[in-house]
Amino acid sequence: VQLQASGGGLVQTGGSLRLSCTASGRTFSKYAMGWFRQAPGKEREFVAAITWSGGSTHYEDSVKGRFTISRDDAKNTVYLQMNSLKPEDTAVYYCAADPLDYRNYVPIALGNYGYWGQGTLVTVSS
């Protein structure tokens, strides 16, 4: 699976961005997708994930109510809509693909994912 993330940039506090991640090399509709982020000097952390069917999602507590993950299987793309951005959201954001087909729960651990995109930088200015 190859993943190409895009959509990062510089935004002011309170602003919005939409990240996209397009997958290739495997039937997209069969596996879950996730977003993680890594701030300078910190470990990579879970942000959001969506099941293969799109029927279930899960969010890290600090982004609940502000971020929305969605998928468009026709476009092989997963999105992360980020609203009400805060300086603490500044990080490199990575999309990731589950190596298993039809996992029956939302994968939220780093170890659940076997494929990673190159990352896209989000900078939120105060």
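Parameters at a glance
Each residue is numbered by its place in its chain's sequence as written, counting from 1. With the structure being a predicted model, the display of local features is reserved for residues of pLDDT at least 70 and the display and counting of side-chain atom pairs for 80 or more, all residues being used for whole-chain, interface and lining totals. Side-chain metrics in this entry use all non-hydrogen atoms of the structure; hydrogen atoms and water are not considered. We call a pair of cysteine sulfur atoms a disulfide when they lie within 2.5 Å. Elements are defined by DSSP. Helices are runs of H or I of four residues or more, strands are runs of E of two residues or more, and each kind is numbered from the N terminus. For every residue, the accessible area obtained with a 1.4 Å probe (protein chains only) is divided by the maximum for its type, and the residue is called buried under 20%, exposed over 50%, and partly exposed between those limits. When a carboxyl oxygen of Asp or Glu lies within 4 Å of a side-chain nitrogen of Lys or Arg, that pair is called a salt bridge. By nonpolar core we mean a set of buried residues, namely Ala, Val, Leu, Ile, Met, Phe, Trp, Tyr and Cys, connected to one another through side-chain atoms within 4.5 Å. In this analysis, two residues are considered to be in contact whenever any of their non-hydrogen atoms come within 4.5 Å of each other. A pair of strands counts as paired when DSSP detects no fewer than two bridges linking them. Only the stretch in contact is used when a helix axis is fitted, and all axes are lines through C-alpha atoms; the angle between N-to-C directions ranges over 0 to 180 degrees.

Draft legend 1. Local environment of the state of the cysteines. A full pass over the atoms with the stated rule returns 1 disulfide. Between C21 and C95 runs a disulfide, and the two sulfur atoms are separated by 2.1 Å. The disulfide joining C21 to C95 has a torsion of about 60 degrees about its S-S bond and is therefore right-handed. On the criterion of sequence distance, the pair formed by C21 in strand β3 (residues 17-24) and C95 in strand β9 (residues 91-97) is long-range, its members being 74 residues apart. For the pair shown, C21 and C95 are each scored as buried.

Draft legend 2. Representation of the pattern of salt bridges within the structure. All chains considered together, the criterion is met by 7 salt bridges. Between E45 and R37 there is a salt bridge, with the nearest N and O atoms lying 2.7 Å from each other. Residue classification places E45 among the partly exposed positions, given a relative accessible area of 35%. For R37, a relative accessible area of 6% gives the class buried. Of the charged contacts in the structure, one is a salt bridge between R71 and D73, with a shortest N-O distance of 2.9 Å. Of the residues examined, R71 reaches a relative accessible area of 15% and is grouped as buried. With relative accessibility at 32%, the residue D73 sits in the partly exposed group. The network of salt bridges with shared partners includes R37, E45, R66 and D89.

Draft legend 3. Expanded view of the nonpolar core. Formed by 29 residues in total, the largest nonpolar core has its most connected members in M33, W35, L80, M82 and Y93. For this core, the secondary structure elements donating two or more residues are β1 (2-6), β3, β4 (33-38), β5 (45-50), β7 (67-72), β8 (77-82), β9 and β11 (120-125). Setting aside residues no more than four positions away along its own chain, L80 makes contact with L17, R18, L19, W35, V47, A48, F67, T68, I69 and Y93.

Draft legend 4. Structural detail: the side chain of S20. As for its position among the elements, S20 is in strand β3. For S20, the contacting residues outside a window of four places in its chain are Q4, A5, S6, W35, T77, V78 and Y79.

Draft legend 5. Expanded view of unusual backbone geometry. Positive phi, close to 55 degrees, is recorded for N76, a residue that is not glycine. Its location among the elements puts N76 in the loop between β7 and β8. Judged by relative accessible area, which is 28%, N76 ranks as partly exposed. Of note in this structure, S84 is not a glycine but carries a positive phi near 50 degrees. Summarising the element assignment, S84 is placed in the loop between β8 and β9. Given a relative accessible area of 41%, S84 falls into the partly exposed group.

Draft legend 6. Fine view of the sheet that holds β3. The antiparallel open sheet is built from 4 strands, whose spatial order is β1-β3-β8-β7. Each of the sheet's edge strands pairs with one partner strand only, and the pair in question is β1 and β7. Neighbour-to-neighbour, the strand axes of this sheet turn through a mean angle of 15 degrees, independent of strand direction.

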